[in-house]
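# Secondary and tertiary structure notes
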Amino acid sequence: MLELYQFEASAYSEKVRLILDYKQLPYTVVEVTPGVGQFDVFRLSGQRQVPVLKDGETVVPDSTAIARYVDETYPDRPILPTDPKQRGLCLALEDWADESIGIHGRKAMIGAFNQHPNFRTGLLPANTPDLVKNLVGAVPGDILSFLGTGVGFGPESVKESTRILKQALEALCLMLQNSLYLLGDHPTLADFAVAGLSMYVKFPARRYVNLPEGICDKGVPGLADDADYAPFFEWRDRLYADYRQVRLGNGGSGGSGPTSIAID
Ligand SMILES: N[C@@H](CCC(=O)N[C@@H](CS)C(=O)NCC(=O)O)C(=O)O
């Protein structure tokens, strides 16, 4: 059985989960504890980041290497086109998703958490008393320690990330205008990378990712709720509905208590 070492809230892990689900490969999840748990990841893979895939004796770190490994080892439902031009475009789009959409998405989301208390409280379980919700709204970062990594993102850098994401969303809407998927009639690695790495721009509409229910379908104001980008999010909802499995109980908090999610 394949084993995925991951953080539930990691967009790179989400990209891999989308691929494994699309390829209908059963896997178990090993939820890594940020910090201490990463020592085990280092011992296993020689580096400390997730995702890492373990397939018997084979250990593959890095979402791109994992995607290529599974497509080569389990060729059913291929995700890499064979036509050279399509394959090149696919790899380029994947890299764009990893290096631009994912990184700017995280920055824009943290900026939005800092500016919009309602978005922040969405991460709390639905049964959280209003008193606590108000408190969370009033005390940025103190209670929601998972945002600790956002320190140092000034308003200018958040604004620049938002600008870059707007152009990315516009480009994606154009690419999808006359086709079902980014490279035509079938999903490829490009689609799964873009869908996974855009998780922080807007969280998936249903609990595919095991995070508190309140965060479903919520995202960065000005991006997630802009009607111009609706075709992109509709495309992503369809991709999830068609291929992603809801697998509650694996990792994450399950929304059963005040939540600490590890973003990055
Ligand atoms: N290039 C890597 C990036 C992976 C990555 O950035 N992982 C983050 C979680 S989303 C991580 O493990 N961060 C913890 C750390 O850097 O210590 C990939 O595609 O898998």
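Below is a short write-up of the structure.

What counts and how
Residues numbered from 1 in each chain as written. Predicted model: local features only at pLDDT ≥ 70, side-chain atom pairs only at ≥ 80, totals over all residues. Heavy atoms only, no water. Helix = DSSP H or I, 4+ residues; strand = E, 2+ residues; numbered from the N terminus. Buried < 20%, exposed > 50% of the residue type's maximum accessible area, 1.4 Å probe, protein only. Contact = heavy atoms within 4.5 Å. Expected span 1.5 Å × (residues − 1). Near = heavy atom within 4 Å. Polar contact = N/O pair within 3.5 Å; in protein donor to acceptor, adjacent residues only side chain to side chain. Nonpolar A, V, L, I, M, F, W, Y, C, P; charged D, E, K, R; others polar. Pairing = 2+ DSSP bridges. Salt bridge = Lys/Arg side-chain N within 4 Å of Asp/Glu carboxyl O. Phe/Tyr/Trp six-rings, centres within 6.5 Å; stacked < 30°, edge-to-face > 60°. Lys NZ or Arg CZ within 6 Å of the ring centre and 35° of its normal. Core = buried A, V, L, I, M, F, W, Y, C linked by side-chain atoms within 4.5 Å. Domains from an automatic or database assignment.

### So, the overall build of the protein
The number of helices and strands found in the protein is nine helices and four strands. The helix and strand sequence of the protein, counted from the amino end, reads β-α-β-α-β-β-α-α-α-α-α-α-α. Looking at the protein as a whole, 50% of its 264 residues qualify as buried. Once local pairs closer than 6 in sequence are excluded, the contacts in the protein between residues at least 24 apart make up 70%.

### Here we look at helix 1 (residues 11-22)
With twelve residues, helix 1 extends 16 Å between its outermost C-alpha atoms, agreeing within 8% with the 16 Å of an ideal straight helix rising 1.5 Å per residue. The set of residues buried in helix 1 consists of A11, S13, E14, K15, V16, R17, L18, I19, L20, D21 and Y22. Downstream of helix 1 by a residue or two, Q24 has a phi angle that is positive, lying close to 55 degrees.

### Some remarks on the site of the ligand
Around the ligand sit eleven residues in total, of which Q38, R48, Q49, V50 and S63 are the nearest. Contact between the ligand and V50: a nitrogen atom at 2.8 Å from a main-chain N or O atom of the residue. At 2.6 Å, a side-chain N or O of S63 approaches an oxygen atom of the ligand. Here the residues of the shell around the ligand are counted per class, giving four nonpolar, four polar and three charged.

### Notes on the pairing of strand 4 (residues 58-61)
Note that strand 3 (residues 52-55) and strand 4 share four bridges and pair antiparallel. Note on strand 4: the bridge partner recorded for K54 is V59. Here strand 3 folds back onto strand 4 in antiparallel fashion, the turn holding two residues, of which G56 has a positive phi close to 65 degrees.

### Concerning the side chain of S161
Counting through the fold element by element, S161 comes out in helix 7 (residues 155-176). In contact with S161, not counting residues within four places along its chain, are H104, K107 and A108.

### Brief notes about the pattern of salt bridges
Counted according to the given criterion, the structure contains ten salt bridges. E14 is the salt-bridge partner of R17, the closest N and O atoms lying 2.8 Å from each other. Here R17 and its partner E14 are both found in helix 1, three residues apart, which amounts to about one turn of the helix. Each of the two residues, R17 as well as E14, counts as buried.

### Brief notes about the packing of aromatic side chains
Per the stated rule, a full pass over the model turns up six aromatic pairs. Relative to F192, the ring of Y22 lies with its centre 5.0 Å away and its plane at 40 degrees, an arrangement referred to as tilted. One end of the pair, Y22, is in helix 1; the other, F192, is in helix 8 (residues 189-197), and 170 residues separate them in sequence. Exposure remark for F192: the relative accessible area of 0% places this residue in the buried category. Summarising the aromatic geometry, the rings of Y208 and Y240 are spaced 4.9 Å apart at their centres and angled 55 degrees between planes, so their arrangement reads as tilted. Remark: Y240 occurs in helix 9 (residues 230-243) and Y208 occurs in the loop between helix 8 and helix 9; sequence separation between them is 32 residues. Against the face of Y22 rests R77, its NZ or CZ located 4.5 Å from the ring centre. The ring of F233 has K202 lying over it, and the distance from NZ or CZ to the ring centre is 4.8 Å.

### Focus on the environment of M199
Looking at the secondary structure, you find M199 in the loop between helix 8 and helix 9. Overall, the relative accessible area of 0% leaves M199 in the buried class. Sequence separation between M199 and A9 is 190 residues; the distance between their C-alpha atoms is 8.9 Å. Contacts of M199, omitting those with residues within four sequence positions, involve A9, S10, A11, E14, P204, V209 and R236.

### A short note on the nonpolar core
The nonpolar side chains of soluble globular proteins are, as a tendency, buried together. With 62 residues, the main nonpolar core has L20, L53, L182, V194, F232 and W235 as its most contacted residues. Composition of this core by domain shows at least three residues from each of domain 1 (2-73) and domain 2 (84-243). Setting aside residues no more than four positions away along its own chain, V194 makes contact with A97, I101, L172, L182, F232 and W235. Listed in part, the six residues of the second largest apolar core include Y5, V32, V50 and V52.

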